[in-house]
Amino acid sequence: MFTPDKAITRLVIEREVSIQGHMRWIAHPENKKNRLLIVEHKKQLYALPLYCQHAHVSLLEAKMDHNGKVICPKHGLATDLKSNPGVFTVERQGDFFITANSSLIETQTVETFEEDSDQQTELEALKTVNSALQKKVLSNLESMDSMLSEVEHKKVELEENNRHLLSVNQLIDSITNTMEEFLVVTDNQGRITRVNHYAESILSVKAEELIGSSPDNFLRDETLTEIIERFPASNWDQRPYLYRAVYSSDGFEQEIRFRDPTGRHKEVSPKYFLLKGTLIYGPAGKEEGLILSATDISVVKAKEKQKRQADIEKHLQLLQSTLSTISQGVAMFSGIGDLQTFNEAFTNNINVDSDLLTQIPGYDDLFSNNKDLLDPQQIPPFQRLILDKYQWVQTFNDRRVIECESAPTPTGGFVVTTRDITQSRKNEEHIRLLSTTVEQSSSEVVITDTQGTIVYVNPMFTENTGYTAEEAIGKNSSIVQSGEMPVEFYKELWSTIKASNRWKGEILNRKKSGEKFWQSMSVTPIFDNNGVISHYLSLKADITKQKRAEKRLRYQAEHDLLTNLW
């Protein structure tokens, strides 16, 4: 509040506006024309000149920062509400503002603008702008003169560069035309722009016929198809396939043979070439085009073919040597079933003389149409053999059994291996009969390893002891010991069989139920291929009834049946 002893000046409100959510006022002292701007900052009202004293623009809508600085919208200078000597505090009193700082109102240096003053200022501003425009026009005229002079200079420089470029192009032409290498250059759309003399001679065309065309035109269809498959391109890319292939690969190379690019089907060079492609980039890194170069590799290809043929012959000799050492029969056939090579074991298995075998056309005569076979219709046709693996067994009229297996080869043919399994079938039948005999035997059969661990028992073991095969296998044979046989008995048994001898005797054993029973037992060693004991075979029979009968007869022989006396 202002104290009563100070002179109070009233400020008349002209306008009241809201700027950025805050109220501002335009006011002037009573009986005076100088207009003031009143703003609020941190609940304090401040009065300052309405117009910036430097730029003569209104501060009514000027921004004010959080530190209480009003920023001029024209030149950006700030007026500090707290420290600027031209700013003073006011209070609101009804429809007026009041202040005790009347001296500041009298001495402030800010210009006041009345309506006439505003017009005068606008006129002066227009004069200033007009003067500036005149200076600008003169400056632009001077710049245009300078630009025309520079354009003339650039024109001379460009003509000189063109002459230099023409000279460079002539030099490049002379160099490329002396090269014994195919060379074609395209722009960045794949259109041919340069062709050297060697390329003209290889393609049998003039450079003029190729300029502007696609390099795809001198590629054969099979080569173009291969490139399309190897380098699939996006649908948006409409450039030649060859250009797209180079663009999408790192170090493009392709063996090719050329065709007539004009479509007239003229004969062109039959030689093989190694085509290489490299993208061209300008100084700024922009893609400018493509260089295609091709080197004659016909001599190299011929040498490679000779070497490949020599390698094939060498490998065939090695294959024949290898096949001759294989016990299985092996025969190789082509994709149409022709016999290509075979070994001696194959002739033995199918019972055909090797000299006669070379006169037989192929697979069908050896297998499908062979009259010496039983049920030849069961044999798969060779058309299947070139696609997948097959196995089958064929029986000859002389009862020989041959196992056959086929597999496709990378070259499109197939290989058939044969193995005589006649003896194996007999052995399998023998083993089956033996196994059936053991399984159905009335004797108990037990096989253990050298430590006495049970590895096999037949059904009679289960019937005698009560232990199932699952319960017994993996356990020690001692699971049936009664505990009543002396230690010396087992020592003598083990020492006998470990010495590779057969042991035979009687033993008192115990069933799973705990019942004891007598068995006759023989134990025989089983030897491996090296003559070393690998297992023991134990054959047992229940003689409990026999032992009881013997005991009864012995008793009857030693006692009076009427008195039971000795």
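Coordinates for the structure precede this section.
Residues numbered from 1 in each chain as written. Predicted model: local features only at pLDDT ≥ 70, side-chain atom pairs only at ≥ 80, totals over all residues. Heavy atoms only, no water.

**Observations regarding the state of the cysteines**
In protein structure, a disulfide is the covalent linkage between the sulfur atoms of two cysteines. Inspection of every chain in the model, using the stated rule, returns zero disulfides. Left unpaired, C72 is separated from the closest cysteine sulfur, that of C52, by 3.9 Å. (Disulfide = S-S within 2.5 Å.)

**Focus on the sheet that holds strand β10 (residues 182–187)**
Spatial strand order, β11-β10-β14-β13-β12: five strands in an open sheet with antiparallel pairing. What marks the edges here is a single partner per strand, and that holds for β11 (192–195) and β12 (252–256). If you compare each strand with its neighbour and ignore which way they point, the axes differ by 20° on average. Strand contacts of helix α6 (residues 241–248): β10, β12, β13 (273–281) and β14 (287–296), with the helix running at about 100° to β14, the strand carrying the most contacts. (Pairing = 2+ DSSP bridges. Helix = DSSP H or I, 4+ residues; strand = E, 2+ residues; numbered from the N terminus. Axes fitted to C-alpha atoms, helices over the stretch in contact; angles between N-to-C directions. Contact = heavy atoms within 4.5 Å.)

**Section: the nonpolar core**
In terms of nonpolar packing, the biggest core is built from 30 residues, with F182, F218 and F258 touching the most fellow members. Non-local contacts of F182, meaning those with residues more than four positions away in its chain, are made with N196, Y198, A199, I202, L203, F218, F258, L292, S293 and A294. (Core = buried A, V, L, I, M, F, W, Y, C linked by side-chain atoms within 4.5 Å. Buried < 20%, exposed > 50% of the residue type's maximum accessible area, 1.4 Å probe, protein only.)

**Quick word on helix α15 (residues 487–498)**
For α15, which comprises twelve residues, the first-to-last C-alpha distance of 17 Å matches the rise-based estimate of 16 Å (1.5 Å per residue) to within 8%. Lining the buried residues of α15 we find β23 (503–510), β24 (516–527) and β25 (533–542). Of the residues flanking the end of α15, it is S500, one or two places downstream, whose phi is positive at about 70°. (Expected span 1.5 Å × (residues − 1).)

**Considering the side chain of D80**
Counting through the fold element by element, D80 comes out in strand β7 (residues 78–80). Of the side chains with opposite charge, K69 comes closest to the buried, unpaired D80, at an N-O distance of 4.7 Å. A distance of 3.3 Å separates polar atoms of two side chains, one belonging to D80 and the other to S83. Residues contacting D80, with those up to four places away along its chain left out, are N67, G68, K69 and V87. (Lys, Arg positive; Asp, Glu negative; His and termini not counted. Salt bridge = Lys/Arg side-chain N within 4 Å of Asp/Glu carboxyl O. Polar contact = N/O pair within 3.5 Å; in protein donor to acceptor, adjacent residues only side chain to side chain.)

**Observations regarding the packing of aromatic side chains**
Tallying each qualifying case throughout the model produces twelve aromatic pairs. Between F333 and F414, the aromatic rings sit 5.1 Å apart at their centres with planes inclined by 10°, giving stacked as the arrangement. One end of the pair, F333, is in strand β15 (residues 329–333); the other, F414, is in strand β20 (residues 414–420), and 81 residues separate them in sequence. Judged by its relative accessible area of 1%, F333 falls in the buried class. We classify F414 as buried; its relative accessible area is 0%. Here the aromatic cluster, defined as three or more aromatic residues joined through ring pairs, consists of F182, F218, F258 and F273. In this structure, R10 packs its charged tip against the face of F96, placed 3.9 Å from the ring centre. (Phe/Tyr/Trp six-rings, centres within 6.5 Å; stacked < 30°, edge-to-face > 60°. Lys NZ or Arg CZ within 6 Å of the ring centre and 35° of its normal.)

**Notes on the pairing of β12**
Of the two faces of β12, the one holding F252, Q254 and I256 is buried and the one holding E253 and E255 is not buried anywhere. Two elements, β12 and β13, share five bridges in a ladder whose sense is antiparallel. By the bridge assignment, E255 is partnered in β13 with L274.

**Quick word on the environment of R92**
Inspection of the secondary structure puts R92 in strand β8 (residues 88–93). With 82 residues separating them along the chain, R92 and R10 place their C-alpha atoms 9.7 Å apart. If sequence neighbours within four positions are ignored, R92 has contacts with I13, W25, L45 and F97. Within polar-contact distance, the side chain of R92 engages the backbone oxygen of G94 at 2.8 Å.

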